[in-house]
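Chain and residue survey
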Amino acid sequence: MKKLLSMLLAAVMVLGLVACGSQTQAPAQTQAQETTVGNTEAPTLETKAAEELKAEAEAVKDYSGRKLSLMMSIGGGGNWWQPVADRMMELYPGLEVEVVFDSTAADMFRTQYLAGEAPDAFMINTGAIPNYESIEQGIVQPVDYVLNLPTLDGSSTLGEYLDMDVFTNGAYDGHYYVMHEFQYLDGFWYDAAFFREKNLTVPTDWNSFLKLCDECKALGIKVMGYTGVEAPEYAVNYWFVPMLASVDYDAYVKYCNLDSTVFDSDAMKNVMEKMKYLRDNELMSQYTIGSGTSEAQISFINHDFAIYPCGSWLEAEMADAWTEGWELTYLPYTFGDIDDKDHKFMGVGGQSSRITSTTSDNLDLVGEFYRVLYCDDEAIKGEVSTHGNVMLIPGFAEKFGDLVDASVKTASASSEKMRKITFVAGSWYPDMRKEVGNAINAYYNGDIDEDAFVKRLRDKMDTIRNDSTVTKYNFKG
């Protein structure tokens, strides 16, 4: 516990240093050391007899006088926990459910955890509190017991009811640690109405993308912008990584396994040529690199550039900003050379929550919260009406599909034309993701050239691979 507390305190101190512009980096090591290998194998969940499930589901529960404490970061999906909390208090009179919804939730959580006053469960951006770091540092506890609980109607366990494939992200040492609540679809977005009005090409391969570049130059707008300094995942998860996979999937597998020979590959040279074309022809928005997320997205809405990498929360996040006639639409293209499904990758991610390791007295309340979240129709309607995305539960399309944002439906339709990709290595090695994001920013700011960009990434990957304190994982592709 002493080590855990020192890690959390260090995290708070690091945030202060970054805010002051100070950064440190571990020296590169020249030879590999022994490392801990992370076990991401999923556990086997319980199976229960129908009679046992039914009895467990129908058991009378009295939660009066008790309180469940939850915390959520302000983000793209809005506060979709509040409708669940409200519904839970309706179902269990006398129970209090508090949802703290705040932009500083990560800092609040760290402070409260150190003081022994952390919420029972939390939904905080994984860029601020990465999943696997929180697991390895003992900040969170397994959610296996939740998945072994019955659905509200007692027809199955939650583990049998949910799509467990996505739960492999967050599986560690024979346990599940993350609850995946709904699915985000990541990639590029554009205004279909604007493209029709200006007769712009919707790219399907590199040649048609070059045509769009020429059309945007003639219009006096940039072809692309991305959220830069504030959130590295926009450039990395939603553009750079899918672009590498689109050029050569084997190169992407090497990248995820910290194999720095990927930087000598033809695939990486192809990626750099594409990035260089955008820079040399001044097709990338300089404004968005240094702006915040909201500012970048307002610039997108204003048609300062044509395409924007983001997740399917975008429509809900900017709900009050869309101008009349805007048609936010998913673009099934990720900078591959040819128009082929095997060269187009849609990012698939889940919005995930975790149970705090110090929670003990309220484990039954946390479990009940998730049962209501996944199984109660009224709660689900409230959630989906807030975040506007797809929940991975049976019969969702038939019962709740009409509540999904229109732009999300375009992404779902595009999914048939693309391969799926879940960038778990971004969770395994968050420092690598940050460095790639920073290098992309530096490249488009003109601070470094192609050789320096590749060297910077190679050095960082080698440092992480040779660092014995960093758990390594095997990505099988």
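From a predicted model like this one, the values you see are computed outputs, not experimental measurements. The numbering scheme is per chain: residues are counted from 1 as the chain's sequence reads. In view of the model being predicted, local features appear only for residues whose pLDDT reaches at least 70, and side-chain atom pairs are presented and counted only at 80 or more, with totals across whole chains, interfaces and linings using the full set of residues. The side-chain values count all of the structure's non-hydrogen atoms but skip hydrogen atoms and water molecules.

1. Re the environment of N237
- Helix numbers and strand numbers start at the N terminus; a helix is a DSSP run of H or I with at least 4 residues, a strand a run of E with at least 2. Along the chain, N237 falls in helix 10 (residues 233-247).
- Remark: exposure states derive from per-residue accessible area (1.4 Å probe, protein chains only) relative to the maximum for the residue type, with buried under 20%, exposed over 50%, and partly exposed in between. According to the relative accessible area criterion, N237 is buried, its value standing at 16%.
- C-alpha separation for the pair N237 and G311, spaced 74 residues apart in sequence, amounts to 9.7 Å.
- Any two residues whose heavy atoms approach within 4.5 Å are treated as being in contact. The residues contacting N237, other than those within four sequence positions of it, are P242, F423 and R433.

2. A closer look at helix 4 (residues 105-114)
- What helix 4 keeps buried is the set A105, A106, F109, R110 and Y113. Looking straight down helix 4, one finds that the buried residues subtend no more than 135° of arc, so they occupy a single side.
- Of the residues one or two after helix 4, G116 is the one with positive phi, at around 75°. Each C-beta atom gives one direction from the helix axis, and the arc is the one those directions make.

3. Topic: the packing of helix 9 (residues 206-219) against helix 12 (residues 266-280)
- Relative to each other, helix 9 and helix 12 sit at 10°, their axes nearing to 12 Å. By the angle between their directions, the pair helix 9 and helix 12 is classed as roughly parallel. On helix 12, the residues touching W206, F209, L210, C213 and D214 of helix 9 are K274, Y277 and L278.
- Across the contact of helix 9 with helix 12, the residue classes break down as 6 nonpolar, no polar and 2 charged. To define axes, lines are fitted to C-alpha atoms, for helices over the stretch in contact only, and angles between the resulting N-to-C directions are given on a 0 to 180 degree scale. Angle categories are assigned with fixed cut-offs, so that under 35 degrees is roughly parallel, over 145 is roughly antiparallel, 65 to 115 is roughly perpendicular, and the rest are oblique. In the scheme used here, Gly and all other residues not listed as nonpolar or charged are polar, with Ala, Val, Leu, Ile, Met, Phe, Trp, Tyr, Cys and Pro taken as nonpolar and Asp, Glu, Lys and Arg as charged.

4. Focus on the nonpolar core
- Nine residue types can take part in a nonpolar core, namely buried Ala, Val, Leu, Ile, Met, Phe, Trp, Tyr and Cys, and a core is a set of them joined through side-chain atoms within 4.5 Å. In this structure, W239, F240, M275, L278, F335 and F453 are the most contacted members of the largest nonpolar core, which totals 84 residues.
- Sorting elements by how many residues they give to this core places helix 10 first, with 9 residues.
- Residues contacting F240, with those up to four places away along its chain left out, are A235, Y255, M268, V271, M275, V436, I440, F453 and L457.
- Counting 67 residues, the second largest nonpolar core, distinct from the first, contains A121, A231, F369 and L373.

5. Some remarks on the pattern of salt bridges
- Salt bridge, as used here: a side-chain nitrogen of Lys or Arg that lies within 4 Å of a carboxyl oxygen of Asp or Glu. Following the criterion strictly, the structure yields 20 salt bridges and no others.
- Note that K274 and D337 form a salt bridge whose closest N and O atoms lie 2.6 Å from each other. Separated by 63 residues along the polypeptide, K274 in helix 12 and D337 in the loop between strand 10 (328-331) and strand 11 (345-356) bring together distant segments of the chain.
- Residue classification places K274 among the buried positions, given a relative accessible area of 4%.
- We classify D337 as partly exposed; its relative accessible area is 34%.
- In this structure, a network of salt bridges that share partners links the residues R87, E90 and D376.

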